[in-house]
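A look at the structure
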Amino acid sequence: MAQKHEREGILVIDFGSQYVQLIARRIRENRVHSVVEPPSITVNKIKKIAPRGIIFSGGPLSVYDKGAPAFDKGVLDLGIPILGICYGMQLIGKLAGGGIRKSGKREYGRTVARFERRNPLFDGIAPKSVTWMSHRDKVERLPEGFRTIARSENTPCAAFFNPEKDIYGVQFHPEVVHTAGGEKMLENFLFKVCGCKRTWTMRSFIEKKVSDIRERVGDRDVILGLSGGVDSTVCAVLLNKVLGKRLHCIFVNNGLLRQGEVERVEQLFKKNIKLGLKVVDAEERFLEALKGVTDPEKKRKIIGRTFIKVFEENARKIKNAAFLAQGTLYPDVIESQSFFGGPSETIKSHHNVGGLPRKMGFKLVEPLRDLFKDEVRKVGAELGLPKELTERQPFPGPGLAVRVVGEVTKERLEMLRAADWIIIDVAKKKNIYYKTWQIFGVFLPVKSVGVMGDRRTYENTIAIRAVTSVDGMTADWARIPYEVLGEMSNRIINQVEGINRVVFDISSKPPGTIEWE
């Protein structure tokens, strides 16, 4: 097994927690690397990862439920500090020989707990603080070698500790903001218990990734499907540091892009960054394939299939290309693995070119697959990209097709493009754009009566969608000032032919989604 000084980072084992990405992010905010794995991970693989510490996440099940996820008991004997959270604590208690049972009174939400002040995990924490609980089971009998280090009114053992093995368990969730001092507890685990060092920086990531790319690709060429968004742009610039002219970027104009997008991408990549860029105009091909289609899922599938055909036709013309680059991010990786250890049944299709590597015989290179979205933006800034690009808002893979409700036509796209440009223009001028996760327009094929210049109109509707979020997994509608909404509405109705009404979407996610289709 690796010696302690060779270890780095924290391994997070996911038992199906809704907070697992939050745990991983909290660790990285402390400039410590984190990696998430399912509970099926073997002891040998853990030894190869050689983490300084391990965190067991919470989960939706009881440790006694049929099919409830577990882990190799040998993990407890590796000599690596462990922190179990909620389900993770209960599972440690069960496998170490303790007793877990259903509590007579469930504990959800804010709960006051009392902490043992001498324990390093609670160093700097008030002896009596609010925690965030979410459980129905509790540790009734401590395993041998463990002792209680926190209590609540309903839970005699709200946290336990095995000093010989450096194993901790907390019944509450320190990773959420509702737990007072939760961030400090995680810091204590990282630095006082595990002895981590603050070495995870975007500069160190770039240096390591450049070396990895050089070793993996060798003297072969790489093809990248460029969208012009943050992920593919940062991916392209990072690859370009290693490959130069051996990187071939293909940008497909599917006719579903924002106003001026093709010109923006050509200006940025051909003239400023000076990358090898091939622009393929396939607008008519996409619009013809979408003619008469109104079902959102059918639209997505048609766009995906058409993109693959167009991309494949152009990629095959590039000689010596052995690799296909994708802008896969770490949330994509986490979401595509089940906490039961196998492929998730709810796996999301994150990339338009997902089926290409196997079909075309390419090997895959994903230089950003270790990063969260905010880290990608930091890498872009470290690489010298301007804020207008690194802080650019996410744009859906199917483009404006999922922002046109119903059939996608050239006329509807033109109306939406013009309205969307106005929304973004006003948002930037009023210092709102960078305060929202996304702000955009949606075309609604809902006609209503209006009056313009003493003349009756019967025209379409634009919905303004604005949300705040950290990672897009959940979102709340943004509180845009009325005067700003009024300016957007006034300009859209006056300047966009075919629109006579503007509405504002005040739905959160969940229950709604950010995109309308």
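Keep in mind that what you see is a predicted model, and the values were worked out from it rather than measured. (Residues numbered from 1 in each chain as written. Predicted model: local features only at pLDDT ≥ 70, side-chain atom pairs only at ≥ 80, totals over all residues. Heavy atoms only, no water.)

**So, the overall build of the protein**
Using the following cut-off: Every helix listed is a DSSP run of H or I at least four residues long, and every strand listed is a run of E at least two residues long, numbered separately from the N terminus. When we talk radius of gyration, it's over C-alpha atoms, and the globule rule is simply 2.2 Å times the number of residues to the 0.38. When a residue's accessible area, from a 1.4 Å probe over protein chains only, is under 20% of the maximum for its type it is buried; when over 50% it is exposed; and in between it is partly exposed. Contact criterion: two residues are considered in contact whenever any of their non-hydrogen atoms come within 4.5 Å of each other. Values of accessible area rely on a 1.4 Å probe in the Shrake-Rupley scheme; residue burial ignores everything except the protein chains shown.
The helix and strand tally for the protein stands at 15 helices and 18 strands. Over its C-alpha atoms the protein spans a radius of gyration of 26 Å, differing by no more than 12% from the 24 Å that the globule rule assigns to 517 residues. Here the protein, with 517 residues, has 55% of them falling under the buried criterion. Long-range contacts, defined here as pairs at least 24 residues apart, represent 74% of the contacts in the protein between residues at least 6 apart. Entry remark: accessible area of the protein is about 23,900 Å², with carbon and sulfur atoms responsible for 49%.

**Some words on empty space enclosed by the protein**
To keep it simple, the criterion reads: Of the grid points, spaced at 1 Å and generated over the protein atoms alone, those admitting a 1.4 Å probe that cannot get out make up cavities, while open sets with protein on both sides within 12 Å along at least five of seven lines make up pockets; any residue with an atom within 4 Å of a point is treated as lining. Grid points are joined across faces, edges and corners, and a volume is the space filled by probe spheres set on the points.
Across all of its chains, the model carries one cavity of 30 Å³ or more by this definition. Put simply, the largest cavity is a space of about 60 Å³. The wall of the largest cavity is formed by R258, Q393, P394, R403, D420, I424, Y433, Q438, I439 and F440. The greatest single-element share of the lining of the largest cavity, amounting to three residues, is contributed by strand β15 (residues 438–452).

**Points about the side chain of T111**
Looking at the secondary structure, you find T111 in strand β5 (residues 99–115). On the basis of relative accessibility, which here comes to 12%, the residue T111 falls in the buried class. Setting aside anything within four residues of it in sequence, one finds T111 in contact with S129, V130, T131, M133 and S152.

**What about the packing of helix α14 (residues 410–429) against helix α15 (residues 482–495)?**
Operational definition: Lines fitted to C-alpha atoms define the axes here, with helix axes fitted over just the stretch in contact, and angles between the N-to-C directions of these axes take values from 0 to 180 degrees. Note: crossing handedness is left-handed where the near helix turns anticlockwise from the far helix by less than a right angle, and right-handed where it turns clockwise. Residue polarity is assigned by list, with Asp, Glu, Lys and Arg as charged and Ala, Val, Leu, Ile, Met, Phe, Trp, Tyr, Cys and Pro as nonpolar; anything else, Gly included, falls into the polar class.
It is the contact of α14 with α15, at a shortest axis distance of 9 Å, that shows an interaxial angle of 150°. Like other packed secondary-structure pairs, α14 and α15 cross with a definite hand, here right-handed. Within the contact between the two elements, α14 uses A419, W421, I422, I423, D425, V426, A427 and K429 and α15 uses V484, E487, M488, R491, I492 and Q495. Tallied by class, the residues present in the contact of α14 with α15 amount to nine nonpolar, one polar and four charged.

**Focus on helix α8 (residues 283–290)**
The criterion, for reference: Picture the helix axis, draw a direction to every C-beta atom, and the arc is the one those directions span.
Turning to α8, its buried residues number three or more, namely E283, F286, L287 and L290. Taken end-on, α8 shows its buried residues confined to a sector of 95°, consistent with a single buried face. Residues of α8 that are exposed and angled more than 90 degrees away from the buried face: E284 and E288. Contact partners of the buried residues in α8: β11 (247–253), β12 (277–281), α9 (296–315) and α14. Positive backbone phi, at 80°, marks G292, one or two positions downstream of α8.

**Regarding α9**
To keep it simple, the criterion reads: A helix is expected to span 1.5 Å for every residue after the first. Distance and chemistry together define a polar contact, namely a pair of N or O atoms within 3.5 Å, with one atom able to donate a hydrogen and the other to accept it when in protein, and with adjacent residues in sequence counting only for side-chain atoms on both sides.
Helix length check: α9, at 20 residues, gives a terminal C-alpha distance of 28 Å against a target of 28 Å (1.5 Å per residue), a fit within 8%. Those residues of α9 that sit buried are K299, I302, I303, G304, T306, F307, I308, V310, F311, E312, N314 and A315. At the N-terminal end of α9, a side-chain oxygen is found 3.1 Å from the backbone nitrogen of E297, two or three residues along, and the residue is D295.

**Re the pattern of salt bridges**
For clarity, the threshold we go by: Think of a salt bridge as a Lys or Arg side-chain nitrogen and an Asp or Glu carboxyl oxygen that are within 4 Å of each other.
Inspection of every chain in the model, using the stated rule, returns 30 salt bridges. Salt-bridge contacts for E261 lead to R258; the nearest nitrogen and oxygen are separated by 4.0 Å. Through salt bridges with shared partners, a single network forms among K208, K209, D212 and D370.

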